[in-house]
Amino acid sequence: MGPLDAHILQDDALACTRTGYTLAFRSHWYRSLPMSCMDIALTIDGVDIPRERLSVEANGRRFPADMLLKQTDHCLFIQDAARLHIDHPPAPKGQPVAVEFRLDLYIPYILIGPEAQPLLASTTIRKTFTCP
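Rules behind the numbers
- The numbering scheme is per chain: residues are counted from 1 as the chain's sequence reads.
- pLDDT decides what is reported in this predicted model: residues at 70 or higher carry local features, side-chain atom pairs at 80 or more are listed and counted, and totals for whole chains, interfaces and linings draw on all residues regardless.
- Note that the side-chain values use all heavy atoms of the structure and ignore hydrogens as well as water.
- For our purposes a nonpolar core is just a set of buried Ala, Val, Leu, Ile, Met, Phe, Trp, Tyr and Cys residues, chained together by side-chain atoms within 4.5 Å.
- In this scheme, a residue with accessible area under 20% of its type's maximum is buried, one over 50% is exposed, and one in between is partly exposed, where area comes from a 1.4 Å probe on protein chains only.
- Helix numbering and strand numbering both begin at the N terminus, where a helix is a DSSP run of H or I of at least 4 residues and a strand a DSSP run of E of at least 2.
- Here, two residues are considered to be in contact whenever any of their heavy atoms come within 4.5 Å of each other.
- The disulfide criterion is simple: two cysteine sulfur atoms within 2.5 Å.
- At least two bridges found by DSSP between two strands is the condition for calling them paired.

Things to note about the nonpolar core
With 37 residues, the main nonpolar core has Leu9, Leu23, Phe25, Leu42, Leu84 and Phe101 as its most contacted residues. For this core, the secondary structure elements donating two or more residues are strand E2 (20-25), strand E4 (38-44), strand E6 (54-58), strand E9 (82-87), strand E10 (96-112) and strand E11 (117-130). When residues in this core are grouped by element, the largest group, 6 residues, is from E10. Contacts of phenylalanine 25, omitting those with residues within four sequence positions, involve Ile8, Leu9, Val56, Leu76, Asp80, Ala81, Ala82, Leu84, Phe101 and Leu103.

So this is what it looks like as structure tokens:
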């Protein structure tokens, strides 16, 4: 866990919607990166959420989570949060929601190994929220 990991999910990151949740997340890297350098995984209350039920919104654009690695023209700036839209039955108001969020960052300018693969900076955040 790095020093910026504590900022990935703020205390008010989770919101309940009619069709599920939204989860605001930030990068844990010290520089802005293209969205194509990111990958995500999510578990809610112990249930792995399939990627086809996730979409990402950043910079006024929304796209399926499966398209995240193809977003070469869009960055997530370190001051900004992206919003993950989650199609999953929401918890009743006031009930705790256990979230496990994994954010993988592929650092394009730090190449490692004999095949010069981008450095993987991965972190998993476990946090419990309450639907207001």
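What about the state of the cysteines?
By the definition in use, this model includes 1 disulfide. The side chain of cysteine 16 participates in a disulfide bridge whose partner is cysteine 131; the two sulfur atoms lie 1.7 Å from each other. Its torsion about the S-S bond being -45 degrees, the disulfide of cysteine 16 and cysteine 131 is classed as left-handed. A residue pair is termed long-range when its members are at least 10 positions apart, and cysteine 16 in strand E1 (residues 14-16) and cysteine 131 in the segment after E11 qualify at 115 residues. Exposure remark for cysteine 16: the relative accessible area of 29% places this residue in the partly exposed category. For cysteine 131, a relative accessible area of 2% translates into the label buried. Cysteine 37 carries a free sulfur, and the closest cysteine sulfur to it, the one in cysteine 75, is 8.2 Å from it. The class of cysteine 75 is partly exposed, set by a relative accessible area of 27%.

With respect to the sheet that holds E11
Sheets are built from strands paired through backbone hydrogen bonds, the pairs being either parallel or antiparallel. If you walk across this open sheet you meet the 4 strands as E5-E4-E10-E11, and the pairing is antiparallel. The open sheet is flanked by strand E5 (47-48) and E11, the only strands paired with a single partner. Taken together, the 2 bridges between E4 and E5 define a ladder with antiparallel strand orientation. If you follow threonine 43 over to E5, its bridge partner there is aspartate 48.

With respect to the pairing of E9
Sheet analysis places E2 next to E9, joined by 6 bridges and oriented antiparallel. Bridging from a neighbouring strand, leucine 23 pairs with leucine 84 of E9. Bridge count for E6 against E9 is 4 bridges, and the pairing is antiparallel. Each residue of the ladder has a partner; that of glutamate 57, found in E9, is arginine 83.

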